Amino acid sequence: MALSDSSRNALLPGYLYAAPAAGASPFAAAGGGVGGRAFAAPSAAVAGGPAVWARAPSEPGRRIEMYTPAFYAACTAGGIASCGLTHMTVTPLDLVKCNMQIDPAKYKSISSGFGVLLKEQGPKGFFRGWVPTLLGYSAQGACKFGFYEFFKKYYSDIAGPEYAAKYKTLIYLAGSASAEVIADIALCPMEAVKVRVQTQPGFARGLSDGLPKFVKSEGYAGLYKGIVPLWGRQIPYTMMKFASFEMVVEMIYKYAIPAPKSECSKNLQLGVSFAGGYIAGVFCAIVSHPADNLVSFLNNAKGATVGDAVKKIGLVGLFTRGLPLRIVMIGTLTGAQWGIYDAFKVMVGLPTTGGVAPTPAATKA
């Protein structure tokens, strides 16, 4: 049965059946062609109705506009990919680090720690706790990167273009701290289970049996027993991670690369993101290491307090125990995270992070 014009049009996207206005050039109606090349209009008599105007397959799609819901959604997805995958990949290093913090007499060094784990648990033991690691840090990454972009824009708008440019480092610090408060609420339950699974042999095989055992032993409130030390570890870490990254990347483009960022290839820009992330990661590890020792201790010892941790580990131990391994782990981790995050942004048509002078508020005009 033949379709009427209105029925046929309802089945097609609007831009495919919109006819040019009377007296208008067919090339103008088609947007001047593709890539500056015009094309001829099809005959309306062939279809027995309005002329059909189809876009060429090579025509670029719509880009994501900055600071729209789609932009923040893309940043959130990039944060999931960057944090979840990288933390899961370095699970063996994290496992040795946590055990060195909890039982330094047994796990005396990095090499001996791997040897002990291999002897007692076999190769599979190196990835014990990978599921809560993946889930916890994916949730954290989503909130960390997504809310950082939101708060950076929000605080820049409050400050105004002039003050946002003048005090940009303070905006980076405030935006990252605000984002991390939310991110750690998402991370804390999985972090608690992960540490218990990794540092108490025989407690559980992983998340599926470890979470019920933890809740039965500590209650649901116990999942957040380490939230304050976690904030103490992660908030300074994230403030250093984002602010130092932004500054390092800006300095690389200013002093090490002769061409402006806009003229650099995407591969070079991603290389700068990884380098800036690695340098930032070294600073992050040093700043947040004492709190990292506290988190590991509190999540491993039932009913323990911060005072117990300081007494057991010692003040110097809080700053030094497991630090070399954590510098290697966090440096690599942070560099990879920024590389993956910016690669995802490039993939969806967004610019890489950092390295340009205009603030979000200034670009709004």
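Residues numbered from 1 in each chain as written. Predicted model: local features only at pLDDT ≥ 70, side-chain atom pairs only at ≥ 80, totals over all residues. Heavy atoms only, no water.

Identification of the protein chain as Mitochondrial phosphate transporter from Urochloa decumbens is taken from an unreviewed UniProt entry. Under the UniProt heading Sequence similarities (unreviewed entry), the entry covering the protein chain gives this text: "Belongs to the mitochondrial carrier (TC 2.A.29) family." On record in UniProt, under Subcellular location (unreviewed entry), the comment for the protein chain is "Mitochondrion inner membrane". (UniProt positions renumbered as here; feature names shortened; annotations may be inferred.)

What to know about the overall build of the protein chain
Across its full length, the protein chain carries 16 helices and zero strands. Relative to its 365 residues, the protein chain shows a buried fraction of 46%. Considering only contacts in the protein chain between residues 6 or more positions apart, those separated by 24 or more positions represent 75%. (Helix = DSSP H or I, 4+ residues; strand = E, 2+ residues; numbered from the N terminus. Buried < 20%, exposed > 50% of the residue type's maximum accessible area, 1.4 Å probe, protein only. Contact = heavy atoms within 4.5 Å.)

Brief notes about empty space enclosed by the protein
Scanning the model with the defined rule gives one cavity of 30 Å³ or more in all. Volume-wise, the largest cavity comes out at about 190 Å³. Taken together, 23 residues line the largest cavity, and the ones lying closest to its centre are H87, Y137, R233, Q234 and I330. If you list the elements that add at least two residues to the lining of the largest cavity, you get α6 (91-102), α8 (130-166), α9 (168-199), α11 (227-256), α12 (266-300) and α15 (323-347). If one sorts the elements of the lining of the largest cavity by residue count, α15 sits on top with five residues. Each residue belonging to the lining of the largest cavity can be placed in one class, and the counts come to eight nonpolar, six polar and nine charged. (1 Å grid on protein atoms, 1.4 Å probe; cavity = no way out; pocket = protein on both sides within 12 Å on 5 of 7 lines; lining within 4 Å. Points joined across faces, edges and corners; volume = space filled by probe spheres on them. Nonpolar A, V, L, I, M, F, W, Y, C, P; charged D, E, K, R; others polar.)

Notes on helix α7 (residues 110-121)
Spanning twelve residues, α7 covers 16 Å between terminal C-alpha atoms, matching the ideal 16 Å at 1.5 Å per step. Among all positions of α7, only G113, V116 and L117 are buried. Here the buried residues of α7 occupy an arc of 95° about the axis, which is enough to place them on one side. Facing away from the buried side of α7 by over 90 degrees, the exposed positions are S111 and K119. Of the surrounding secondary structure, the elements contacted by the buried residues of α7 are α6. Phi for G122, located one or two positions after α7, is positive at around 80°. (Expected span 1.5 Å × (residues − 1). Arc of directions from axis to C-beta.)

Remarks on unusual backbone geometry
Peptide bonds are mostly trans, and most non-glycine residues show a negative phi. Non-glycine residue Y67 carries a positive phi angle of around 65°. When you line up the elements, Y67 lands in the loop between α4 (44-47) and α5 (69-89). Using a relative accessible area of 25% as the deciding quantity, one classes Y67 as partly exposed.

Thoughts on a nonpolar patch on the surface
Nonpolar side chains collect at one region of the surface, where F147, F150, Y154 and I158 lie side by side and expose about 390 Å² of accessible area between them. With respect to the helices and strands, the residue Y154 is situated in helix α8. Look at Y154 and you get partly exposed, because its relative accessible area is 43%. (Patch = residues over 30% accessible without salt bridge, like charges linked within 9 Å, V, L, I, M, F, W, Y side chains within 5 Å. Areas by Shrake-Rupley, 256 points an atom, 1.4 Å probe, with all protein chains shown as cover. Salt bridge = Lys/Arg side-chain N within 4 Å of Asp/Glu carboxyl O.)

Let's talk about the environment of K266
Looking at the element boundaries, K266 is found in helix α12. The class of K266 is partly exposed, set by a relative accessible area of 42%. C-alpha of K266 to C-alpha of P351: the two residues are 85 residues apart in sequence and 9.1 Å apart in space.

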